[in-house]
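Structural features, examined
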Amino acid sequence: MDALFLSRIQFALNIGFHYLYPPISIGIGLVLVIMEGLYLKTKDHKYKEMTHFWTKIFALTFALGVATGLVQTFAFGTNWARYSRFVGDVFGSALAAEGIFAFFLEAGFLGVLLFGWDRVGPKLHYFSTICVCLGAHFSAVWIIIANSWMQTPAGFHIVDTSFGPRAEITNFWEMVFNPSAIDRLCHTVLGCWLTGAFFVISVAAYYLLKQKHQIIARPMMYIGLSFAMVSLILQLVSGDSSARLIAKYQPAKLAALEGLYKTIPSTPISVIGWVDTANQKVHSLKIPGALSFLTYRDFSTPVTGLDKIPQGEWPPVALTFQTYHIMIAMWFLMFFTALFGCYYWRRGTLERQRGLLWIMVFSVGLPHVAQQCGWISAEVGRQPWIVYKVLRTSEGVSSSIRAEQVFGSVTMFVVIYLLLFSLFLFLLDRKIKQGPEHTHLDDQIYTNPVKF
Amino acid sequence: MDLPFLWYLVMGFATLAYTVLDGFDLGVGALHLFARTDEQRRIFLNAIGPVWDGNEVWIVIMMGGLFAGFPNAYATVFSGFYTLLMFLIAGLMFRATAIEFRSKQESSVWRSFWDVVFSLSSILVAFTIGVLLGNMIEGIPLNEAQDYTGTFSQFFGPYSIVVGITSVALFAMHGTIYLAMKTEGEAHRVVRRWINGAIVAFVFWYITTTLATLIYMPHMLDPFLNNPPLFAFPLLALLAILSIPYQVRKGNDGWAFISSSICIAFLLVLFSLGTFPTIVRSTLNPLTNSLTIYNCASSEKTLRTLLIVVAIGLPFILAYGFWVYRIFRGKVRLEKSSY
């Protein structure tokens, strides 16, 4: 194992572990805005207790998001020094903007959100909650812009310097609005919203199953289901648009996502299958013409296969194919969970559907699996490029690090992450079992019945 | 317009903000185990509770600013200081989680464990920052491609260790003064007992660092010899240090904190005066292989964009930063939502 391979493992490990938390912060951030907004509007204390409860979960997640996110600001320079030199002029500006526009907003107002309940008025507190939520979203904006630039680079030219060639910005806004930025941002943020929605659904379902805190769990379920349904439908539109974008700008990636070794008319979509990389074949259940239709809106136009692309520029097909299909499968699982949830909710019998409620409890994992897989397919599918068609991943790794060093740090991260993740789950479990408080609720049950 | 220099000033401001603000967080952490009771530890922890997160963002700005404005320096320093930075990362990660996890369980074993983690990680972070600074002053072996050619043990030369200890002492002093300002009653009396020791320790290590620099790092002295009026700055730094015990004795904790912050500012100014325009000195060939703000800078267009971003963002950051500090002004009270 060389420093390049270990650095790739380390980056995947760091970013994959980090990405468990920001989607929760972004999704729950918006959930907090909804809940506290409902409290301000209705003055109903159950929304206040709900907000308090989710604030605590938010704080726990946020701490881990910060701890694991700090690693990323170092990771480019430590392991990818040649990449950093090459892209710093472009990529660095987006990161700096993220720090200045997003992190301060989020971290600054977090103090007020967590500790300011008795120190500022309700409106000012709500303002802080909105700022935290905005900060979380802004941070997604800038980091996705930076990542999208690596997928579809724009607004730069290559200049020779005494350190060798590097990319320099020619047009800042072209860099910001690079062809895939907006689509990928929507797709990512919707994924985060789904994470928040299913987290809320999961906790509410747990309380309904245990017949605890129902006063709070019922409106929580309603909020979660509505939020999930809206995000799922939007995600369908966004997914379609993102895939067509890939067809246009990264044909090699699309070929790998769908396992297309050969360019054929009426290109099919594989629903499920496996990739035989040795014989360059995909054995799968196919829908003929579907990919042609989704890509070009007609059933016959062929979609570019890997045979049209030099073999030195092929991404690893099997991993890209499988993770992409798992991501899509997760959408269907989430969709049916939410659909049945809504159906029984409307009929008023959801609380008797113990099987469905248990599925809902575990559905908290679905968006996480979808996002991890989606990111793997997006990043592995870009290989062998670190900046698409501009710089190869192998040309980006630091030249002064040795394999033993990286092996040491990978080991350190594995140990730290195992520790942090088990503690996170332990504390989360405790928090959820403890549940929200009912200080003002008991006398309110009869005077202010649940309306949904 | 000298754009790299303007960006250097922005980076200097971010560094100042980080060392003054997260400096007291680190100091409070370093002293955490000296507090004996759980209540005192909670009071001290909650003194930084609502603000430490925002303070720590400044280190992210330093990293991001270096990456964006001086990408070559970011690349060389971070890949060169690889293993040292891994310790810093581990320290920062454990510190963030310790603060959040500590209060989540009542058990005394749980809390003592996170107390130790919080304290050790704070000391580790403060020490590593000092060692980094020490290495930047002393220089590291950089070849013509400006890549690091040394080994891990080379980071721990005697000079860097002295600077590392000095930075722990500096932050510890800064942290005690902050706590004196934020506490009352018994907790305040406890802090008061620490202050003198902290000041003496800092002054001792400060003198050691200064002597070591004068004797072993003569290149730090050249800018002052070439331009004697600059000697005003070491004198001002000395005045700031002297005013700390003076304000403490008079019981003006707020002014003592301001003096301590000014002291940090002057130490940073001395560091920049001695090293400018070098970011990292090459010991192999200081003249050609060193990283300076000019041979590391991004393109003019990018630097201009970055300065616009800062010009738009900074007023907001300062405005709500002040607002948050105002909300949590005064002595610490333990409340239901506290850590």
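Now for a quick tour of the structure. (Residues numbered from 1 in each chain as written. Chains lettered and ligands numbered in written order. Predicted model: local features only at pLDDT ≥ 70, side-chain atom pairs only at ≥ 80, totals over all residues. Heavy atoms only, no water.)

**Let's talk about the overall build of chain A**
Of regular secondary structure, chain A possesses 14 helices and six strands. By the compact-globule yardstick of 22 Å for 452 residues, chain A fits well, its C-alpha radius of gyration being 23 Å. If you line up chain A on its principal axes, its C-alpha atoms span 70 × 50 × 40 Å. With 452 residues in all, chain A has 60% of them scored as buried. Across chain A, the fraction of contacts at a sequence separation of at least 24, relative to all contacts at a separation of at least 6, is 77%. For chain A, the exposed surface amounts to about 18000 Å²; the carbon and sulfur share of it is 67%. (Helix = DSSP H or I, 4+ residues; strand = E, 2+ residues; numbered from the N terminus. Rg over C-alpha atoms; globule rule 2.2 N^0.38 Å. Buried < 20%, exposed > 50% of the residue type's maximum accessible area, 1.4 Å probe, protein only. Contact = heavy atoms within 4.5 Å. Areas by Shrake-Rupley, 256 points an atom, 1.4 Å probe, with all protein chains shown as cover.)

**Some thoughts on the pattern of salt bridges**
All names here are of chain B. For the coordinates displayed, the defined rule picks out 19 salt bridges over all chains. Close ionic contact of Arg-111 with Asp-38 constitutes a salt bridge, the shortest N to O distance being 3.0 Å. Of the two residues, Arg-111 is situated in helix 6 (residues 108-138) and Asp-38 in helix 2 (residues 38-48); the sequence distance between them amounts to 73 residues. Its relative accessible area of 8% is what places Arg-111 among the buried residues. Among the ionic contacts, a cluster of salt bridges with common partners joins Asp-38, Arg-41, Arg-102, Arg-111 and Asp-115. (Salt bridge = Lys/Arg side-chain N within 4 Å of Asp/Glu carboxyl O.)

**Regarding the pairing of strand 3 (residues 269-276) of chain A**
A regular strand places its side chains so that they alternate between the two faces of the sheet. Residue and element names in this part refer to chain A. As paired elements, strand 3 and strand 4 (residues 281-287) share seven bridges and run antiparallel to each other. Across the sheet, residue Gly-273 finds its bridge partner in strand 4, namely Ser-284. Hairpin connection from strand 3 to strand 4: four residues lie between these consecutive antiparallel strands, with Gln-280 at a positive phi of about 50 degrees. (Pairing = 2+ DSSP bridges.)

**A few points about a nonpolar patch on the surface**
Together, A:Ile328, A:Phe332, A:Phe336, A:Leu339, A:Phe340 and A:Tyr343 line one region of the surface with nonpolar side chains, adding up to about 550 Å² of accessible area. Tracing the sequence through the fold places A:Phe336 in helix 11 (residues 317-347). (Patch = residues over 30% accessible without salt bridge, like charges linked within 9 Å, V, L, I, M, F, W, Y side chains within 5 Å.)

**Structural notes on helix 7 (residues 181-210) of chain A**
Residues and elements named next belong to chain A. If you check helix 7, its first and last C-alpha atoms are 44 Å apart, about what 30 residues at 1.5 Å a residue would give, namely 44 Å. When you tally the buried positions in helix 7, you get 25 out of 30 residues, the bulk of the element. Backbone geometry just after helix 7 places Gln-211 at a positive phi near 50 degrees. (Expected span 1.5 Å × (residues − 1).)

**A look at the packing of helix 9 (residues 251-258) of chain A against helix 11 of chain A**
All names here are of chain A. Between helix 9 and helix 11, the shortest axis-to-axis distance is 6 Å and the interhelical angle comes to 70 degrees. Regarding the angle of helix 9 to helix 11, the classification is roughly perpendicular. Here Ala-256, Leu-257 and Glu-258 of helix 9 lie close against helix 11, whose contacting residues are Val-317, Thr-320, Phe-321, Tyr-324 and His-325. When grouped by side-chain class, the residues that make up the contact of helix 9 with helix 11 number five nonpolar, two polar and one charged. (Axes fitted to C-alpha atoms, helices over the stretch in contact; angles between N-to-C directions. Parallel < 35°, antiparallel > 145°, perpendicular 65-115°, else oblique. Nonpolar A, V, L, I, M, F, W, Y, C, P; charged D, E, K, R; others polar.)

**Structural notes on the interface of chain A and chain B**
Taken together, the contact pairs 76 residues of chain A with 69 residues of chain B. Where chain A abuts chain B, roughly 6400 Å² becomes buried across the two surfaces, and 72% of that area is made up of carbon and sulfur atoms. Contact with chain B buries surface across chain A, with A:Phe104, A:Phe115 and A:Arg119 losing the most and accounting together for 14% of the total. If you look at where chain A meets chain B, you find zero salt bridges. Applying the counting criterion to the chain A and chain B interface returns 16 residue pairs in polar contact (both at pLDDT 80 or more). (Buried area = accessible area lost by both parts, 1.4 Å probe. Polar contact = N/O pair within 3.5 Å; in protein donor to acceptor, adjacent residues only side chain to side chain.)

**Describing the packing of helix 2 (residues 22-42) of chain A against helix 7 of chain A**
Residue and element names in this part refer to chain A. Look at helix 2 against helix 7: their axes get within 7 Å of each other, and the N-to-C directions meet at 65 degrees. For the crossing formed where helix 2 meets helix 7, the hand is right-handed. Of the residues in helix 7, those in contact with Pro-23, Ile-24, Ile-26, Gly-27, Ile-28, Leu-30, Val-31 and Met-35 of helix 2 are Cys-192, Trp-193, Thr-195, Gly-196, Phe-199 and Val-200. (Left-handed = near helix turned anticlockwise from the far one by under 90°.)

**Some points on the packing of aromatic side chains**
Across all of its chains, the model carries 55 aromatic pairs over all chains by this definition. Note on A:Phe109 and A:Phe127: the rings are 5.8 Å apart at their centroids and 90 degrees apart in plane angle, and the pair reads as edge-to-face. Here A:Phe109, found in helix 4 (residues 81-115), pairs with A:Phe127, found in helix 5 (residues 122-151); they are 18 residues apart in sequence, far enough to count as distant. Aromatic rings pair up to connect A:Phe11, A:Phe74, A:Phe76, A:Tyr83, A:Phe91, B:Phe67, B:Tyr74 and B:Phe78 into one cluster. The side chain of A:Arg392 reaches across the aromatic face of A:Trp385, ending 4.6 Å from its centre. (Phe/Tyr/Trp six-rings, centres within 6.5 Å; stacked < 30°, edge-to-face > 60°. Lys NZ or Arg CZ within 6 Å of the ring centre and 35° of its normal.)

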